[in-house]
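Understanding the architecture of this molecule
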Amino acid sequence: MPETNRPPSERLTPVLKPGPALTGTTPAKRRTRFLAGAFTVVVHIGALALLLLPRGSAPPSHVEPTSEPIQVSLLDTPKPQPPGPPDVDMAAPEAAAAPPLPHFTTRATVQAAVTPKPDNSDLLSDSQLAGAASAGEGGGGGGGSCDLARAVQQALRRDPMVRAAAENANRLGKSVMLWNGDWVRSGGEDGKGLSAVREAVTWEVAFAPQACRNQRMHGLVLLSLTDGRTRFAIGGSDWRWADLLSVRGATADR
């Protein structure tokens, strides 16, 4: 037999083609083996890390506890008080022994307020009124329609501002010189004559007949209010009612 002369290796080893059946492993098996190897590596690394961590040393077992306990007491320590104000006698002995300063006394001269006396130069006394004619008693000059004194007196009694002006000037119940050739200033009034009284008189005279205004008059004529005690004197030695309307009378406030 011719095959008996071949070497055993040639006779026993068949010629096979490479393939999946020859390798003996599939892709699924290779992946499983890889994951198993990786897990093994992680476990080893973790074990190595635990070995390398520092460990706290246990207290020596041969130390025995003390036989007697130690007592500790807590004391409430008071807070230090802040320092008080320094003693004046101790801090400045020289100042306490200093001589007193001289005392000066000043006298202030106080002048008492002098109240000026009221100006009563416009007030008339009973002796000055002697011989004066009252309105309605023939003092108006001529009587009848030319009794201008009576007409002026009635105008003063009708006007409430006349009484108010006399009251403000403290002239109620008094005899006041109103006109003696010029209007007379009454008390502390700014202008000459009581303004409300002067206007009432001049208004009545201005609308009187010309013959009555130009009639000659002599002496004083008294014009009274309704109380009979407040009276206004008008006139002079020789005058006319028209003189109350003259330039001199119109500039009474100068």
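The next subject is the overall build of the protein chain. When you go through the protein chain residue by residue, the secondary structure sums to 10 helices and 4 strands. Along the protein chain, from the amino end to the carboxyl end, the secondary structure elements read α-α-α-α-α-β-α-α-β-α-α-β-β-α. In the protein chain, which comprises 254 residues, the proportion classed as buried is 24%. Here the analysis covers contacts within the protein chain between residues at least 6 apart in sequence; of these, 64% occur between residues at least 24 apart. With an accessible surface of roughly 19900 Å², the protein chain has 58% of that area assigned to carbon and sulfur atoms.

What follows is about the sheet that holds strand β3 (residues 216–224). Here 4 strands make up an open sheet; going across it, the order is β1-β3-β4-β2 and the pairing mixed. Edge positions in the sheet fall to β1 (133–134) and β2 (175–179), since each has one partner strand and no second. The sheet contact formed by β1 and β3 spans 2 bridges and is parallel. Bridge pairing links S134 to L222 in β3. Where helix α6 (residues 148–158) meets the sheet, its contacts fall on β3 and β4 (231–240), and the angle it forms with β3 comes to roughly 25 degrees.

A few words on helix α8 (residues 195–206). Here α8 contains 12 residues, and its C-alpha end-to-end distance of 16 Å stays within 8% of the 16 Å for a straight helix at 1.5 Å per residue. When α8 is considered as a whole, its buried residues turn out to be A196, V197, R198, A200, V201 and V205. For α8, the elements touching its buried residues are α6, α7 (160–168), β2, α9 (210–213) and β4.

With 26 residues, helix α3 (residues 27–52) should cover 38 Å at 1.5 Å per step; its first-to-last C-alpha distance of 38 Å lies within 8% of that length. Here α3 lies mainly on the outside; 0 of its 26 residues are buried.

Before going further, it helps to examine the state of the cysteines. Considering all chains together, one arrives at 1 disulfide under this definition. The residue that forms a disulfide with C146 is C212, at a sulfur-sulfur distance of 2.2 Å. Taking the sign of the torsion about the S-S bond as the criterion, the disulfide between C146 and C212, at about -80 degrees, is left-handed. Pair noted here: C146 is in the loop between β1 and α6 and C212 is in helix α9, with a separation of 66 residues, a long-range link. Each member of the pair, C146 as well as C212, is classed as buried.

Here we take up the packing of aromatic side chains. Counted by the stated rule, this structure contains 3 aromatic pairs. Aromatic pair W203 and F207: ring centres 5.0 Å apart, planes at 45 degrees, arrangement tilted. Just as W203 is exposed, F207 falls in that class too.

The subject of this paragraph is the nonpolar core. Counting 27 residues, the largest nonpolar core has L156, V201, F232, I234 and W241 as its most contacted members. Among the secondary structure elements, those contributing two or more residues to this core are α6, α7, β2, α8, β3 and β4. Leave out the neighbours within four places in its chain, and L156 touches V162, V197, A200, V201, L223, L225 and F232. Ranked by size, the runner-up nonpolar core spans 7 residues in total, among them L124, M177, L220 and A233.

Turning our attention to the confidence of the model for the protein chain. Taken over all residues, the pLDDT of the protein chain has a mean of 76, while the share at 70 or more is 59%. The low-confidence segment residues 8–23, where pLDDT is below 50, has 5 contacts with residues more than four positions distant or belonging to other chains.

So, on to the pairing of β4. Where β2 and β4 come together, 4 bridges link them in parallel fashion. In the strand pairing of β4, W179 is matched with I234. When β3 meets β4, the two strands line up antiparallel, connected through 8 bridges. Bridging across to β4, M217 finds its partner in W239. In this structure, the hairpin formed by β3 and β4 is closed by a connection of 6 residues, where G228 is found at a positive phi of approximately 75 degrees.

Note that G193 resides in the loop between β2 and α8. Residues G193 and D122 lie 71 residues apart in sequence; the distance between their C-alpha atoms is 9.2 Å. If we skip the residues at most four places from it in the chain, G193 touches W183, V184, R185, S186 and R198.

This brings us to the side chain of T230. Position of T230 relative to the elements: it lies in the loop between β3 and β4. Its relative accessible area of 0% is what places T230 among the buried residues. With sequence-adjacent residues up to four places away left out, T230 is seen in contact with R171, L172, G173, K174, L223, S224 and L225.

Rules used in this analysis
- Residues numbered from 1 in each chain as written.
- Predicted model: local features only at pLDDT ≥ 70, side-chain atom pairs only at ≥ 80, totals over all residues.
- Heavy atoms only, no water.
- Helix = DSSP H or I, 4+ residues; strand = E, 2+ residues; numbered from the N terminus.
- Buried < 20%, exposed > 50% of the residue type's maximum accessible area, 1.4 Å probe, protein only.
- Contact = heavy atoms within 4.5 Å.
- Areas by Shrake-Rupley, 256 points an atom, 1.4 Å probe, with all protein chains shown as cover.
- Pairing = 2+ DSSP bridges.
- Axes fitted to C-alpha atoms, helices over the stretch in contact; angles between N-to-C directions.
- Expected span 1.5 Å × (residues − 1).
- Disulfide = S-S within 2.5 Å.
- Phe/Tyr/Trp six-rings, centres within 6.5 Å; stacked < 30°, edge-to-face > 60°.
- Core = buried A, V, L, I, M, F, W, Y, C linked by side-chain atoms within 4.5 Å.
- pLDDT = per-residue confidence, 0-100.

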